[in-house]
Every structure is written in structure tokens, then in C-alpha cells.
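Report on the structure
If you want the building blocks of each chain, they are given just below.
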Amino acid sequence: MVAVGVDYYPEHWGKEQWDQDIALMARTGVKAVRIAEFAWSRLEPREGEFDFAWLDDVVDRLSGNGLKIILCTPTNSAPVWLYRRYGETLQVERTGRRADTGIRGHRCLSSPVFRRFAGRIVGLLAERYGRRPALIGWQIDNELEANHCNCPHCAAGFRAFLREKYGEIGALNRAWGNDVWSGDFADFEEINTPLGDKYDYGWLNPSYMLDYERFASRSTAGFIRFQRDIIRKYSPGKPVTTNACFSARTPDYYRIFGDLDVAAYDNYPSLYKQGERSNPQQAFVLDLVRGYKRSNFWILEQMSGSFGCWAPISPAPRPGMIAGYAMQAVARGANLVMHFRWRTAARGAEMFCHGLLDHSGVPGRRFREFAEFCAQINALNIPEDAALKSKVALLYSYEQEHAFKIQKMSEGFTYRRQAELLHRAYMSLGVNVDVIEETAGLSGYAVVLVPAHFVADDAVVRKLERFVRSGGTVVVTARSGVKDPYNACLTRELPGPFAKLCGVLVDEYDPIGAGSAALSTPEGKKYAATCWCDILTPQTAEVWAAYDSEFYKGRAAAVRNRFGKGRAYYLGTVGDDALYRDLAVETLAAAGIPHGGVLPPGFEISVRENEGCEFTFIFNNDGEARDLRYGKETLRFKPFEVKVTRRPPTRSPCP
Amino acid sequence: MVAVGVDYYPEHWGKEQWDQDIALMARTGVKAVRIAEFAWSRLEPREGEFDFAWLDDVVDRLSGNGLKIILCTPTNSAPVWLYRRYGETLQVERTGRRADTGIRGHRCLSSPVFRRFAGRIVGLLAERYGRRPALIGWQIDNELEANHCNCPHCAAGFRAFLREKYGEIGALNRAWGNDVWSGDFADFEEINTPLGDKYDYGWLNPSYMLDYERFASRSTAGFIRFQRDIIRKYSPGKPVTTNACFSARTPDYYRIFGDLDVAAYDNYPSLYKQGERSNPQQAFVLDLVRGYKRSNFWILEQMSGSFGCWAPISPAPRPGMIAGYAMQAVARGANLVMHFRWRTAARGAEMFCHGLLDHSGVPGRRFREFAEFCAQINALNIPEDAALKSKVALLYSYEQEHAFKIQKMSEGFTYRRQAELLHRAYMSLGVNVDVIEETAGLSGYAVVLVPAHFVADDAVVRKLERFVRSGGTVVVTARSGVKDPYNACLTRELPGPFAKLCGVLVDEYDPIGAGSAALSTPEGKKYAATCWCDILTPQTAEVWAAYDSEFYKGRAAAVRNRFGKGRAYYLGTVGDDALYRDLAVETLAAAGIPHGGVLPPGFEISVRENEGCEFTFIFNNDGEARDLRYGKETLRFKPFEVKVTRRPPTRSPCP
Amino acid sequence: MVAVGVDYYPEHWGKEQWDQDIALMARTGVKAVRIAEFAWSRLEPREGEFDFAWLDDVVDRLSGNGLKIILCTPTNSAPVWLYRRYGETLQVERTGRRADTGIRGHRCLSSPVFRRFAGRIVGLLAERYGRRPALIGWQIDNELEANHCNCPHCAAGFRAFLREKYGEIGALNRAWGNDVWSGDFADFEEINTPLGDKYDYGWLNPSYMLDYERFASRSTAGFIRFQRDIIRKYSPGKPVTTNACFSARTPDYYRIFGDLDVAAYDNYPSLYKQGERSNPQQAFVLDLVRGYKRSNFWILEQMSGSFGCWAPISPAPRPGMIAGYAMQAVARGANLVMHFRWRTAARGAEMFCHGLLDHSGVPGRRFREFAEFCAQINALNIPEDAALKSKVALLYSYEQEHAFKIQKMSEGFTYRRQAELLHRAYMSLGVNVDVIEETAGLSGYAVVLVPAHFVADDAVVRKLERFVRSGGTVVVTARSGVKDPYNACLTRELPGPFAKLCGVLVDEYDPIGAGSAALSTPEGKKYAATCWCDILTPQTAEVWAAYDSEFYKGRAAAVRNRFGKGRAYYLGTVGDDALYRDLAVETLAAAGIPHGGVLPPGFEISVRENEGCEFTFIFNNDGEARDLRYGKETLRFKPFEVKVTRRPPTRSPCP
């Protein structure tokens, strides 16, 4: 059954507090507790001296109260004695300096010394607790980033990665185009990780940088596999994961979770009131996480209060947000939602990352909303195999995300935004979109969205051609087909390998950035465009929209191409919501996918189902109470309310 | 008598210039001259070779012309030979690099080598000039900051400070909560000063950082005592001070001036035209300085012209500003106002920090305004013991200032602002406010203002309870009672130790930051709130104002509590000026303190008095000429004009 | 004849591509090709192993197709093996760290090891290709900056420069005013280059910084002469230059080009739409470049497409811009315009600095505009000695530019802006302005504009006095006559040495920065002023404009002084365009220089002529099509169109 959990740090509190807390958790309907995330210094207070007694006690008390346990490996922060005694375990920053202590996540993932100590504590934890019935899973480390350490070990690892990939240095020089700026290497040994204060990405060879990002993701993945293998040895059958988040150094999560048993995410919707009053991109992010393993997932940290510490403290979650965003995660595939955190820390750098209970420990409004959410989830009895089904897929890739971070297109253009704009259009029609890896199979889908497939993968292009030829519909957007796999530019006319599928050529482009252009369709619909304008010449395609301004007024901006039994669209610009919505309506109609018309902004509908039952979630992702005309009824929603209906309504649990 | 002085750098000018300058000073009415501030390289041009002849000459000429002298110790900038020969005397920055030469204030205050050389030059100066009758005081160094050097000496000093404070490492680990992020130390030796490029405050443990700030202040204070003791040995009876300013590394000035004979400040009101046309915060700052020793003070540098150099050059002081702001300082307790500087430097980095005389040395408009100010001050004959009296005190603390810098509350919330808002409200009623240290005695006060007493001091709370119980009025504002003395969060319901005094509990807070909320009082008055919203449940208190918007509409925002014979207010938000003014009116009425009604914005009134006479200052702190209805008269003020009236009007000086 | 060229990187492309490219170049009308700019790693792939075969081949193919060649020395980027084996060849940054590889321009210009290797490759190139008839010139390195390296060699060079300049350390201490902040040096050996993260210019002695800038320019010039001498030895009679650009470290280009045969510039007008729809400052920049050697010049890189890479990609050049801005360069004295670049790079950091051909190599709109430009230029047959003539000169200096960068005046005040405002006013009347070095002779000029002659050169002042005395007209603007040659302030009344010439004294100034003031003339004209307000007292001058606001309302802001047979204006503020235009009209009338009245904004007119013919260029520097009333005709201009008329119209080429 889908369950609610909390993140707990027993090492911060006294034993008398443990009992009170555990009793309250059980009473509230909490089913699982995540522990030990940063507890290394309490587990190994001095080198080789271990203290598991307190953790034994915690595990006993939790399991004794019927609570399940997610155990974390505490490797995000080693004890200070380790860094002081073995300085090589600290990351080297881009300045060439070792990090200092006092922060977190600053250990070198590839340091043999660090691995020795990390492997030992992980092994001891796994051996001790790995077969406990209450244990339902493992979290490796915390919010791991792509490993950007610049120490000699990591630099050697980067060179080994390149040597294996390219075999001989000439091949690398050719692939990267090192004749530019006399950058040819005579030997792999001449290659460094990217150091230097003034080295922002834009000045370095993007081929080098993309290979570096690939290496950095692999390096992190290697550290995760290192821990996973230790855990599996002692804790067979228990799912292993890690808690993903987004940062400036996001790794390739498809690769990361490919090595793990379940995807997991730390879910912190913004608490600031925005122009849009809500967080429309939340659904996209959750769909992305569900796509990591094309399966339901876990939330290991879920927003529970104002967020502060390394930024001014955010506003408090408004009424409805705590339950609403937690239920939204369930609606989009979460089987476990663990709120961060049970008690707000009273000490240390995170004391204003508010949990469910404030510093006083007195349950307040937020706790009450959480308790209601627990009760609701526990009453619903949603089976874990109840899944979202979709006829629409959106291809996503960290290769592209990294490539677009390395080289900025025009002002305002981001890869994520291209994907969100497409995703949001189908969502607004109540149609679910699976966000999947670019290389994933397309079986079962009728419409495939391909935002900015920049670094072109021929296998992906051929797959899409086969898909369309046999009747599928594809939407490809600007900046697709630009690069070869080495992040160098293809010397074909754009959209390169997509030209045939889309029946179009890009004559020229105008990166208008913050500027804007006007569009209109042959039927007279008007849209606004921004960021980027491909000037198109249809080959076999017909014009879907043309520019209505700029020096290319009258030239095609978007086209539709019949290809085999299906059709391919190429959108050469970045439009407004109306454009994407009309495109969604048209493609759904062509694919014969039904939808219920345009939802009011912010309303989200999803369905989780298995063979026996079906749960429909309707979410008012908005800070105002609103009505929704749904079927024959008019439903009244409170701010951020999620209404869940079940069919058949009575059986529990469904088979 | 209150006197006017100037800052002079004879080492920059030839002897023929000295005579001209000194004659002009004397003629203008200048009474004192500050010298030798940065003159070390001219006093000790090579290691151990001293040249005092020129300074002897200057001292003779000044005293020969009846001018008094403030002598500076020149330790802010050592000669280049010292840094080059003894590299350890240079500060180590947070990057771990030594500072380089060419700037100022970049010496390590704790380096034994630096202390050896500094002690020698200070001793020689004190021995040589310390008993000269013309000498009226000493300035140690220049604009000292909290000592943030990261050299081995300073790091060892920090560890010694912690060892002394905590005794054993377990006590420190517990107090700081080092179980968070595995930050436990096994030994004091593992602790560093906060190094690293990416270490901004928010990522480091606030307990660690506040102790570091305390150490940094103490380290600076130790350097000052080191010099003070040398000076006192050779120059008994001469007051010793240092010139305070505000910077990113402001030390705890209560501690600094606790060791010195008189408080002193460098007073540079902004010259930019702001929305408010004036500098309303100037009065607060001067009251703060007067509170350092609860006594009148010195201005060792007073604005005299456009300020430039490390920023674009500011606008010129408009007519009236030079005299007006200097007289404002006197009005608020300055006994000596020394204008920075007599002549504008022609060379070096400060050449566009304009003095009274421009580079040409030709007296101009600014000089004429200064001369009129000298004449006015000299005619007034204000006795140095004429003091401001106040029934209202505002508690201020650098502990709180540092704690709020380490952890930002919501966007826009600063500690200083909370204090200024309260202060300004009483000022606007013509009521003087003493700004005093939190731990100071409250005798003589009827109203005590307690802005954001964040790091709670139980002794302060008990003192306030006694004060209110016996009839006093207290105003406490949001973010009070949050922390324990280790800068960890109290685990009591907010406002923690103030709950009883204020008769209120904070159920929850909404850090709205740049957002806004509406307030109204039971009587129907309306206010705007911003930054922070405590949602209050009165216990024994009654509602003073409630929210009129947000999800806590109708909930209490501010309360009034009868406690013993007095009353305590708790203000859970940040209001507009009208709110603070109404609060001031009410509290003054309750305390039986008379006032003359609301002054037009920018008008300031203060009174200095001793047993024999009384001086009333009315300041038009505004760039426009304006009328003021005062008593039965209508007074016409020029921009920035200060009118001074004396009672009894004739005796001079008063006894 | 004036000719069009392209920048080509054959090392990036295969031989089959070379033939296609060269054939297309020849067909398009290209006359010259620049090669080998960054080719060192392909010419010397391993230490001492050289490969010239491919370059021989390229040179043969180009010359075989009738194309002329500009050969570059490839010293901007050494091969990686050189940096790895000889780390001392890498620049030391202000942090004290060596740069790392992967970028460009990061070699130390003064490293003996670097010079040894650079000298060898340059010598081999010069020896091999220096006498080839197709070779028409040399480009040394690429976009050289003032040498701000902080390595021991460069620091020693700086000290040697100072030792030679000042002889003994006391002279330097006095000149720099090192008594400020105890900055006296005991020995030249104590002096460093300016190191340190927190050392921005404002905190360091401006005398030190200006000498450092002078040294940095000289250091770069020395590196250029080092290469020039090698080239001249083997390649006699072939002009040697370097391609200038503007950056944060612009060297003194008068000094740089004084050592070279022809001035050259990389010309990239902004492609962003601005408030002004065009690039009004382009004409100024080109006139500045023409003044480097008071002669026609080369454009070695000319904008050809969107610019990206270390910034988001810019908009595409709108129709007309490619030809228009290239022709504008010709109109202002370019004899060679080489478009950067023929093909857009497919690899490396510059792949989004778009050339004439996109990545696909398919000629598009931009290429067609370029081809039309080639045809137009080739048809015009403009002789290289056809020159611009001018009766108006504007004095410019990198001394001033550096001094104003070191010390910011008020907000918004830049030296460049002062020059542009004057220049633009005369341009708007169709009057050509020569921008010349401050020390240049004035023969032939009737009006001389002197923007912000900050660091006063007495010889310049005397020259201007002679010029005016004998009938010339001079306009001097605010912040003139402020500094001595050591960048210390003169202790004379402002405008110091200009006081006599301009018959005026500055009583005081108000650096209003972003604020504004009103002006009016005795005749009642109104202007707006900003940035800076000198408050003037005319001595022998008459008021030209007075302030109409601020506390100096009624005081003079600008004056006109009869001096000998001529007149001198002093403008004490920064005005609006109308002010400068009226000043231009008046001074032209006084000097008897005819003009055709005010052109609509953005229209530019220039004439190139030799003894036999005259070419008139009219440029619509604007993104809109517009009419121009010219003589009796109304001419219709497309956006960015340049119309060229020739007299006599038929002879070709003119004698």
C-alpha cells in the first residue's frame, strides 16, 4: 500500500524524546521512518571505534511500534577526524584548493582512503541491520551530485575514462576538434579536469565539457554501485536507492537509477507566491522521476514547512499545500512519501529548514494537515502496483541538459523549459504524459514529444522514424539535430537527421532571446514567440504556423509532415501556452486520444490503476478555492485540495 | 566645551604648507587636530630607524598655535618593509591566501611579530608625546574591524577561546549540535577558522559562526587593550579611544569601548538623494554611539565633502549639510567633531574622499559652511557634561546583529531595521531614545524597546520582567526569544522566555519577506505589515492588532499584556511607520511621558542639559526649507538647518 | 584597391573542403584570406617536430586561385605540450595561481621560455612564407591585451620599468605619494604587480595603477616588437600588424601601432536591438582606429553572423547589417575588410561565433549579402590612398582611458562617453572628425575637441594654447586638468593648466552621477545635464550656459573664451545631444567650416578622396528604411544601406 513516512534524526534528541516521537508517529498514521542519514560521527566517533548501541535501540523502538525503516548510509559527511587525518578525502575545488570542513557533501567520491572508510561503515550497517524485517529499503548517501572533484584521483579517473572511450589521443583530438586554439593533446596525460577561476563553461571546448559531465555522472554512479554492492551482500532483497535532487551539478539520473532498485526524489515545491500562484512545473518533475525507471517511485524528502538556512527563510506553506503536494506526488506515482522532517532541527546549519513539528515540538497547523494526509492515504489503500498509463511520451535526457548548460543558446532558452512547455499543454487537457529517457522504447505510445534533441542520437532518430512511419505522431522542437555525439556541430543542414522525418530545412535562425516575434496559422490563429526563431523551408511538410513579424515575416515557423502512416511536427520557435495547447489538441485528435477539454489553469488530473481498481486524482494546484465542472458535476476545491475517487469504490485493498 | 577639530596629515605636505594650514585652522576656530594616523612609514622608514623630528615639529607648531592634539597610533598600515620581511604579519584571507600590500588594514592583529613592531612604535610615540599638555587624547589604529584573519596564530587563538569557554570538546559538540552533518569534533585541535570560497555563512553551523564572531570581536579588543596599556603607561590621564565605523565585519563595540575611555565614531551621512531626501537613520546611529559608554562621545571623522575612491564619487554635500550633520552630532551627544579632512589628499587611494579644502587649497563653499559651524559652536559654549536625558531606552546588541547576519530571516528583515523603526517612531514625537546595551541597567526609564531579542539572555528577560512588574512598559518584537546563548534554537514555544511577560504564544509564523499583509486594530485603524508574520494566540494578553489578510486573517498580530504594574507589548510583525507611531503614542501616554505631537518628517529635536543650562536643538534633516510650528511660533528652517536655543540664554559657560 | 577578405582555418577542414571553399571564395569576389591564426599545434605537434606541408599546400592553393594571404603568427595559443612541459609559460592570475590550459591567450608574454618557442615558430613561418608574392601582410598573435601576468618575470619587468623611470626609490615614493597609508617603499624590490582577490582598482594607489597599466601596455608592445623584428628579417617589405579589440585590459594602441606598419581592428557591431536601433558608436570606434596611425587601416575580423559561445547567442544580423557595417568600415578608412569567418567552426569553443557559411556550408542569406558586398566593393575600385579629410580633430588617449578606469568619477561617467558625445554631434552635421592621439600635431585642423583631459600633459596644453592663439577653436570638457603625469591631483584650481586658455575657474563640483540638472543659455535654450556639474566662475570667459536647477542655479556651466585669435570653450558638465549639437554648430560657424545641417539620427556621411577621385558614402545606420533629403534629391534607404557615389563617375581606377 502507498504509505507516508517521516525523516527522523534520533541522534539529535534524547531517548525520552524518542519514545514520545515514536508514539506520536504511530498514532498519526506514519508507516515508515528514515534514519541515520548524517550519523557517521555518532556511529564511529573515533577512527575504528564504533557505537551502534544507540542505533540498535532506535531500530528496536521503531520496529517495536510497527514502523518500517529506511536506513541511510551516512557517507555524505564523514566525521571531522577523517578529514583532518586524511586530507586527501576532501574534494578539490575548481580553484585547486581542497574544500574545508563544516559543510556537507565535500568528500571525494573516488579517494581510495575515503572509500575504505565509507565501505567499512556501510558494511557494518548492512551486516547489522540488513536482514531486519522492519527494514524496507536503503538510501545511499544524500542528494549526490555529479562528482566535480579535481583531485589527482579524480583527474586520473577522467583520463582513464577518456582513454577507454577514445583508445588513442588522435581520435580524441579529432572528435573534440582540438585543432581549434591549438588544443591538440599529445598524450592523454596532458588532460586535466576543468580548473581555474575564470573557466566558466563558455570558454572551454564543449566537447571536452560534455565528456567531463559524462565522466562526472559515471564517477558518482560508480560510488553508488560501490555502496550498493556492499549493501546487497548483507541485505539481500531490500531495495536500494538514493535521494535525487536538482542542483547546478545534477548527474545523469537515468544512469544513476539504472543501477538501483527504485527511483527516489526529494520534493520541495516552491513556497513563494509566483505570478502563477502555484507550481505548474511540479507535475513535470514528478513525471520525470517516474520515468527514471518507468515505474512508481519514492519521495524520501517531502516539503513540510518554510525553508531557510542558505537563503532567507521562505514563506510558510499555505493551508492545503502540505497535504496537496504530498498527494500530488502520490497522484503521479509515489508509493512512499517521507516528510522532511519530523522535528525541526534545533541546532546546526539546517535549523530553519522547518519540519512538521516546530522547534517547540508542539503540533501545529502544519502537523494537523500532515495528520489528515496520513489518515487519507491510509484510508485509500492504494496498491503499489496501481500505475499511471499514458499514450503520450516526452523524451528527456541529461545529455541534452548538460549540453545546454555548457553552451547557452539565446537568453531565456533552457532545455527544461522546452520540455515543460510541451508537457504542460497535454496536462492542461487532462492527458497524462510519460517523461522517458530518449533511448527508451516507444511501444504503447501514440504521440511522442521531442524537445530540443540537441546532441543527436541516430538510433533515436531511426526509432522515431519507425514510430511515425507506422502511424505515430511526433513533435520535434528547435535546436534538435544540431550536434554529433561528441558535442560538435553536425555539418548538415538543420534539423540534420530530423530533416527527412519532419520534411523541413532550417534556412537560418534568429536567436532573439528576450525579444519577441508574432506567429499566425493559416487558419488565422495568432501566437507570440520568443527566444529562438528558425526560419524554415518546408520540403515535404506543410506550414503549421508562419512568422508575422521580423525580417522573415511570412516564412514558416512550424510545419506538419506526413511520414508513412503518421505525422511529424517541427516547431522552430518557442511559443506561448496557446500554441502548445493547440498543438496538443491537434496531435491528440490525430492519434485518436480522447480528452476532456481544456482544464482551468492549475487543475491536474491523473489516474493510477491496476487490474482491480482505479484511483482518479484531481488536484487544484492553486492558492485559491475554485470550482471545476467535471462530467456532470461542479466540484468545489479548496486551495491545493486533491480529490481522490476510487473505482470500484468499496473493495479494500483491490486485488 | 564642545569643540570642532580637523583631521590632518602633515606628512603629505611641505613645512611651508603646515604654517599656512595651522594659521588658517586657528583663525577658523578649529580647536583640535588629529594627526599621525597612517604615518608609520615616515616614523620608521627602515626597520629600527626612527624619525620623529618632523612630528616633533608638527606637534610644536600645533600646540604653539593653541591647537589641541589627538594622536593616532599608526598601526592600521605598517611600512611595506615590515610585510615584505615578515610575511606572517599579513592577514590570511578566507581563500587561505595572505593579503598583499597596497591596501590598508591588512595586518594580522595577533601576529607576535606584528605586535612586537606595533608595540614598539606605539610605545615610542606614547613616551615622546604622551605627557604633552596639548595632547587631549589617543586614537588607536583606524576603523578596526572584527579580526577575521585566518592565519595559524588566529586559528590557534580561536581554539584557545573555545577551549576556555567549553572546557572539554563534548560540551562544545553538545552546545553546537555537532551531531548534525557529522560535525562532531574529537578534539579542539580539529577546529579551524571558517575558510573556503564557497563558505558563505548560511552553510556553516550558526553556533560555530556566532562563537567565531565573538572571538573575532574579542581578538580585536585584545589588540586594542594591548595598545591601550602601552599608551596608559606613558600617557597617564589622557583619554584613549578608537574610531568606530560600520562594515561587513563590525565588531562588538560595547566590548571594544568597554576597554576605552570614550566612544568615538566616523560619521559619514549618505550624500545621495534618497526617496526620503535626508538620512533618517543618522539619529539612530548617533544614539547608538552615545550608548556605547552611556556617555557623550567624539566624532573623529565627520563628513566634509564628496566621497569617492572605492566607489564612484558621490554628489557634493548640499548647502547646509556640512554644518547641519555636524551640529546633529553635537545635538545627540558629541563633545568633539573632527572633520575629515582638512585638506583633500592629492595623492594615494583616497584622493577623492574630499576634505574641507579641495586639492587647490582654496577655501570654497564647503569651507565657509565649516567656518560658520566653528563660529557657531564656539559661541554656544556647550559644556561637555551637558547630556541628553531620556525616559525611553532601546536595547541593542552586537550579539543579535551578528546572529542575524549569520542567519538571514526572511527577505528584507534586518535587525538594524527593527531597531530603527521603533527608534524613529519616538523621535517623530520629539522624544529622545537612549540606545543601550541589552545588559545595561534600566533605572530611570519608563519605556523599554526590545527589537528582535533573538539570542535570548535569561538575565535580560528577568530584568525586563522586574521592570514591567514595577510599572514599566516594554515593547518586544518578532524573532525574540528564539535562540539559546549558543545560537541554537530553544525548544520552547515562541516567544520562549518572553511568553510569560507578553502573555502570548506564537502558534506559527509566515516569513512573507518582500510580500505584505494587512493589519487592523480593534478600533479600526489600518496598517500594512511586511517581512514576517507571527500568528499569535494571546494567553493573558489582549489583542492590539490583528491580521486582516492572509490565511491567518483575524488572528492576532500584536498584543498588549498587563504584567504587574506595567505592561508589555509583543509585536509579531514588521509594520509601517504609522503602526510604530501609534504604539509610541500609546506607550508614552501609559508611561506619563509628555511629547509635543507628531513632528513633520525629518524634524528632530533634542536637548542637552547639565545642572546649569539647557540647549535645545531643532534639526531640519531634510533638503528643503520648511516651516515648523513650535510652541506658539512658526520657525523657518533652511535645508539641514539646526536651530539651537539656550536656557538661561546669557551665562557663558554655564557652571 | 580596397578589397574584401575572409578569415579561414584550413586546419579544421579536410583537403576536399579546401578546394570547394577556395573556388567559392574566388567566385564570390574575395581577394584575401587570413590563415594560421591558432595553428601552432598543427605546425609543431610535438616539441621540435614541425609540419608545414599542409600549410604549404594551403598557401599554394590560395595563391594559385589568385587569392592574397594574411599570415598570422599562432602565438596566442601554444600547444598543450608546451604548457605542460614548461609550466612557467602560463600566465599567473591576480589570485597568484597559474592559468590552466583549455582557454586561449593565457601565455606569459615575457617568459623567456615562451619567447624561445614563439620566436622559433614565428621565424620558421617568416622564413618559409615571408617572400611569397601572394603574402600581403602579417598579423601578430590575436587580440592582444595589456599584459597583466603576475609571474616573477613580469613582476621583475615591472620593477625594471619603474627603476628606469624613477631612478631612485625616493623619487617614486614622492611621485606616487606613498606617505599615504604608509605605502613608502624602501627599495624597488618591495614592489609587486597588483595581486589579490579583493584588490579592485579603487583600493590601490592610482599612481601605482597607472604606471602598472603603462608597463602592461609596454610589455605587450615589447612582445609585438619581438615578433615584428623576426618577421621583418625574413619578410622584408610586407606590412606587419596585429588585430586590436577592446576588452577590460585594452593596451595603449597608439603605442602598439606605433611599432607596426598598419593599424588593424576586429569589428563586431552589436547585434542586439537597442533603444537607438543601431550602433551610433561604431563610427567613433572606426575613426579612433583610423587615428592610430592617422592613416587608412585594415579590418581583420568583420562581423558575419550571430555571436555566441561565452555568452548566449546573439540575434542574427538583420538584412543589410552585414554589408552595411562592412561598407561603413570602408567609408571610414578601411582598405581591407576580412570577414570573420568564412565557415562557422563545427568544433571547439567558438562554434556559435557564426561565420558567413553556417555549419552546413550551404550559402544562405548572410552569404548572399556578403557576396553582394564583394561585388559592390570590387566594382567601386576605391584606391587605397583615398582618404578622409577633416578640419575637426578629437584628442584621445589611452592614458586617460586607463586613468578613468582606475578611478571611477561619478556613476555613469566614462571617458569614452565624453568623447563619443562630442564626436556624434559633429557627425550629425555630416562633418568628419579625426580622432587622434593627444600628442599629435594639429596642423590642418580648425576645431579641436578635448574630452576630459584628466592626466594633464603640459605640452598638450601649450600646443592647444598656440593653436587657439593663432585662430583655432578648442572645446575642453569637465575633468580636464585634474592630474599630474603621475596620476596625482594637481594642487591648482581646476581646470588647472586649462584655466588660462578657457578663462575660467571651477569653484566646486557636484558629481551628480545618475541624477540630472537643468541648463539654459543666455539666449534661452534649454538642455539637460547629468553625471557631473562643475560650478564655474568665468575669469576672462563669457557664459555659454548656466545651471537652471540645483543649489548652483544661475552659476555658469559652460563658458566661451576669446584667446588670441581663436576661442576656447569649457564645458563643465555632461549634456544632452542638443547641447553638443549646438556647440558643434557654433564652433563650425566660427571656424568657417561648412556643413549641410542636421542629419536625421543614424545617417552618416563620409568622403574618401585622393587627387583623382572622390567617393561619398551615405549610411543609414538604422534598422528601418528611411528617406533622406540630400541636396535636391530625396534618397530612399533600406535598413543599414550605404549609398556610394563617385566623382568623376566613370574613370576606373582613378589615377
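All of these numbers come straight from a predicted model, not from anything done at the bench.

Time to look at the overall build of chain A. Of the regular secondary structure elements, chain A holds 17 helices and 23 strands. Taking all 655 residues of chain A together, 66% fall into the buried category.

Mapping chain C onto chain A calls for a rotation angle of 120° and an axial translation of 0.0 Å; the resulting RMSD is 0.1 Å. Considering both components of the superposition, the chain copies are consistent with a three-fold axis. Residue T95 of chain C of chain C places its C-alpha closer to the rotation axis than any other residue of that unit, at 5.5 Å. Different-surface contact between copies: only 2% of interface residues of chain C are shared with the interface of chain A.

Attention now moves to the interface of chain A and chain B. Each side of the interface is counted separately: chain A has 51 residues, and chain B has 54 residues. Between chain A and chain B the total buried area reaches about 4200 Å² when both faces are included, carbon and sulfur atoms providing 57% of it. Between the two partners, chain A and chain B, sit four salt bridges. Along the contact surface separating chain A from chain B lie 16 residue pairs in polar contact (both at pLDDT 80 or more).

Bringing the interface of chain C and chain A into the picture now. With 51 residues of chain C in contact, the opposing surface of chain A contributes 53 residues. Taken over both partners, the interface formed by chain C and chain A buries close to 4200 Å², and the fraction arising from carbon and sulfur atoms is 57%. Taken together, the links from chain C to chain A amount to four salt bridges. With a shortest N-O distance of 3.6 Å, R42 of chain C and D179 of chain A are connected by a salt bridge. The tally of links between chain C and chain A comes to 16 residue pairs in polar contact (both at pLDDT 80 or more).

A few words now on the relation of the copies chain A and chain B. Overlaying chain A with chain B gives an RMSD of 0.1 Å, the required rotation being 120° about an axis along which the chain moves by 0.0 Å. Comparing interface residues between copies, only 2% of those in chain A also sit at the interface in chain B, which points to a heterologous contact through distinct surfaces.

Let us look at a positive patch on the surface. Residues and elements named next belong to chain A. Together, R462, R466, R469 and K500 give the surface a local cluster of positive charge. Per-element tally for the positive patch: the top contributor is helix α15 (residues 458-469), with three residues. By the element assignment, R466 lies in helix α15.

Going through the model one piece at a time under the given rule, you end up with 138 salt bridges over all chains. For E369 of chain B, the salt bridge is made with R365 of chain B, and the minimal N-O distance between the two is 2.8 Å. Of this pair, E369 of chain B and R365 of chain B both sit in helix α12 (residues 365-380), four residues apart, which is roughly one turn of that helix. When sorted by exposure, E369 of chain B lands in the same class as R365 of chain B, which is buried. Three or more residues are tied together by salt bridges with common partners; here these are D7, R34, E37 and E301 of chain A.

All names here are of chain C. With five of seven residues buried, strand β19 (residues 603-609) lies mostly within the body of the structure. Sheet analysis places β19 next to strand β20 (residues 614-620), joined by seven bridges and oriented antiparallel. Bridge pairing in β20 places V607 opposite T616. Between the antiparallel neighbours β19 and β20 lie four residues.

Reading the values: rules and limits
Residues numbered from 1 in each chain as written. Chains lettered and ligands numbered in written order. Predicted model: local features only at pLDDT ≥ 70, side-chain atom pairs only at ≥ 80, totals over all residues. Heavy atoms only, no water. Helix = DSSP H or I, 4+ residues; strand = E, 2+ residues; numbered from the N terminus. Buried < 20%, exposed > 50% of the residue type's maximum accessible area, 1.4 Å probe, protein only. Least-squares fit on C-alpha atoms with pLDDT ≥ 70 in both. Contact = heavy atoms within 4.5 Å. Buried area = accessible area lost by both parts, 1.4 Å probe. Salt bridge = Lys/Arg side-chain N within 4 Å of Asp/Glu carboxyl O. Polar contact = N/O pair within 3.5 Å; in protein donor to acceptor, adjacent residues only side chain to side chain. Patch = residues over 30% accessible without salt bridge, like charges linked within 9 Å, V, L, I, M, F, W, Y side chains within 5 Å. Areas by Shrake-Rupley, 256 points an atom, 1.4 Å probe, with all protein chains shown as cover. Lys, Arg positive; Asp, Glu negative; His and termini not counted. Charge placed at Lys NZ, Arg CZ, Asp CG, Glu CD. Pairing = 2+ DSSP bridges.

Nothing here speaks to function; it is geometry throughout.
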